[in-house]
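# Structural description and commentary
Residue strings, one per chain:
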Amino acid sequence: MSPRLVSLAMALLLALSATGACAHSDPSHPGQDHRVPEGVSVPTWAELSPQQQEKFEPLRERWDEMPASRRVRALERAERHARWEALTPEQRERLRHGARNFRDLPPELRQKMRASMQRVHQLPEVERRELKQRWRAMDPEQRRKWLEAGGPGVAPPPAD
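Thresholds applied
Residues numbered from 1 in each chain as written. Predicted model: local features only at pLDDT ≥ 70, side-chain atom pairs only at ≥ 80, totals over all residues. Heavy atoms only, no water. Axes fitted to C-alpha atoms, helices over the stretch in contact; angles between N-to-C directions. Helix = DSSP H or I, 4+ residues; strand = E, 2+ residues; numbered from the N terminus. Parallel < 35°, antiparallel > 145°, perpendicular 65-115°, else oblique. Contact = heavy atoms within 4.5 Å. Nonpolar A, V, L, I, M, F, W, Y, C, P; charged D, E, K, R; others polar. Core = buried A, V, L, I, M, F, W, Y, C linked by side-chain atoms within 4.5 Å. Buried < 20%, exposed > 50% of the residue type's maximum accessible area, 1.4 Å probe, protein only. Phe/Tyr/Trp six-rings, centres within 6.5 Å; stacked < 30°, edge-to-face > 60°.

### Some points on the packing of helix α6 (residues 125-137) against helix α7 (residues 140-149)
Across the interface, α6 lies against α7 with an axial gap of 8 Å and an inter-helix angle of 130°. Of the possible angle classes, the one that applies to α6 and α7 is oblique. Across from Leu-131, Trp-135 and Arg-136 in α6, the residues of α7 making contact are Arg-143, Trp-146 and Leu-147. Among the residues forming the contact of α6 with α7, the class breakdown is four nonpolar, no polar and two charged.

### Focus: the nonpolar core
The tendency in soluble globular proteins is for nonpolar side chains to be buried side by side. Judged by nonpolar contacts, Phe-102, Leu-105, Met-113, Val-120, Leu-131, Trp-135, Met-138, Trp-146, Leu-147 and Ala-155 together constitute the single largest core of 10 residues. Elements that contribute at least two residues to this core include exactly α5 (107-122), α6 and α7. Membership of the second largest hydrophobic core comes to nine residues, among which are Phe-56, Met-66, Ala-74 and Ala-78.

### Some words on the packing of aromatic side chains
The final tally for this structure, using the stated rule, is three aromatic pairs. When the centroid spacing of 6.3 Å and the interplanar angle of 70° are considered together, the rings of Trp-45 and Trp-63 count as edge-to-face. Here the residue Trp-45 occupies a position in the loop between α1 (3-19) and α2 (50-55), and Trp-63 occupies one in the loop between α2 and α3 (68-86), the gap between them amounting to 18 residues. Summarising the aromatic geometry, the rings of Trp-135 and Trp-146 are spaced 5.7 Å apart at their centres and angled 40° between planes, so their arrangement reads as tilted. Of this pair, Trp-135 sits in helix α6 while Trp-146 sits in helix α7, and the two are 11 residues apart along the sequence. Here the two residues Trp-135 and Trp-146 agree in accessibility, since each one is buried. One aromatic cluster in this structure is built from Trp-45, Phe-56 and Trp-63.

The quantities given are spatial measurements derived from coordinates; they are silent on function.
So, in structure tokens, the structure goes:
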């Protein structure tokens, strides 16, 4: 496994942290759930902040009639956009580079990476931080071995 793959894994770990990536419902994408996640509030137009109302002005007349899942997705996209805008140019380029590397991986390695990132994302914040610290402390060869075994969250880290 190349250093390129190792840098890709790191970029994906950073991307999950930066974007809070999660696949919520979208009926236009088969296989995805289109229910509102438990505990997520779905605001009416009157409950949106003035900034949100300004951003979603084109939807004003239909907002309260839109399916709750669609309103949640709109709010999530706006949050992701705001997080992207808050990144430095260097952070954005690192994420773009990681996305290009991911796209160029063979399908089986992309699937391994997805499984690893999904498992890492499900971990409690403390465990996620510990995994990131452990990853950063490893040399490229140790990282490569871990990724070949399945990656963070899927396989235990290699023995020192």
